[in-house]
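Summary of the model geometry
For reference, the chains in residue letters:
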Amino acid sequence: EDVISVVVFNQDRYSRSGIVVPPSGRISLSLIQGGIFVNGKTVDEVAELIKKKYDEYIIDPQVTVSLDKASSYRYSVIGDVGQPGIRLMNHRMTVTEALAEAGGVLQTGDKSKVVVLRRQANGMLSPIAVNVSAIYKGRAADNTYLVPGDQIVVPGNKLKTLQKIMGFTSILSFARIFTGGIF
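Okay, so let's go over this structure. (Residues numbered from 1 in each chain as written. Predicted model: local features only at pLDDT ≥ 70, side-chain atom pairs only at ≥ 80, totals over all residues. Heavy atoms only, no water.)

Let us look at the sheet that holds strand β10 (residues 151-154). With mixed pairing, five strands are arranged side by side in an open sheet as β7-β6-β10-β8-β9. Every interior strand has two partners, whereas the edge strands, β7 (85-89) and β9 (125-130), have only one. For this sheet, the mean inter-axis angle between neighbouring strands, taken without regard to orientation, is 25°. Examined bridge by bridge, strand β8 (residues 114-119) and β9 share six bridges and lie antiparallel to one another. Bridge pairing in β9 links R119 to L125. (Pairing = 2+ DSSP bridges. Helix = DSSP H or I, 4+ residues; strand = E, 2+ residues; numbered from the N terminus. Axes fitted to C-alpha atoms, helices over the stretch in contact; angles between N-to-C directions.)

Taking 1.5 Å per residue, 12 residues should reach 16 Å; helix α1 (residues 43-54) reaches 16 Å between its end C-alpha atoms and fits that length. Residues of α1 that are buried make contact with β1 (3-8), β4 (36-37) and β5 (63-69). (Expected span 1.5 Å × (residues − 1). Contact = heavy atoms within 4.5 Å.)

Laid out in structure tokens, this is it:
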């Protein structure tokens, strides 16, 4: 349900604005038989597809595609948050807003070591460190905005490590009792 506009320079007859992308992901345009599948493609990729199709009818078509409204962007929040998972983003959102929507950072989460993993053009994931603790205290600006596909990772802190150790030692003492003190 994203809304896109297609502008073909000096060809108003082939330009269209306010195209709502249906769930099938296929949009219809003048002269393009069967339409064009746009799901999962960037605006530049869609523009290139349209340019190739219109090349048969227009000499050197100049095609621009713009995203007017995004309603299907996804991002994920994993780690020590109240409700980890994949969420939909339908407006520009900061990391702290996304964490709030995910139920906030748990006591066992390290707010100073939050990382946003962002996929680059070459396919590699690039980490962006965000000190949420400093943002909450007013020492840093809340200006890290998410882009579609971002993954927010909230690592555990010392309390979580302590809980793991305590949990492990209780298992060991139970095993010691159970095995008759062989350990």
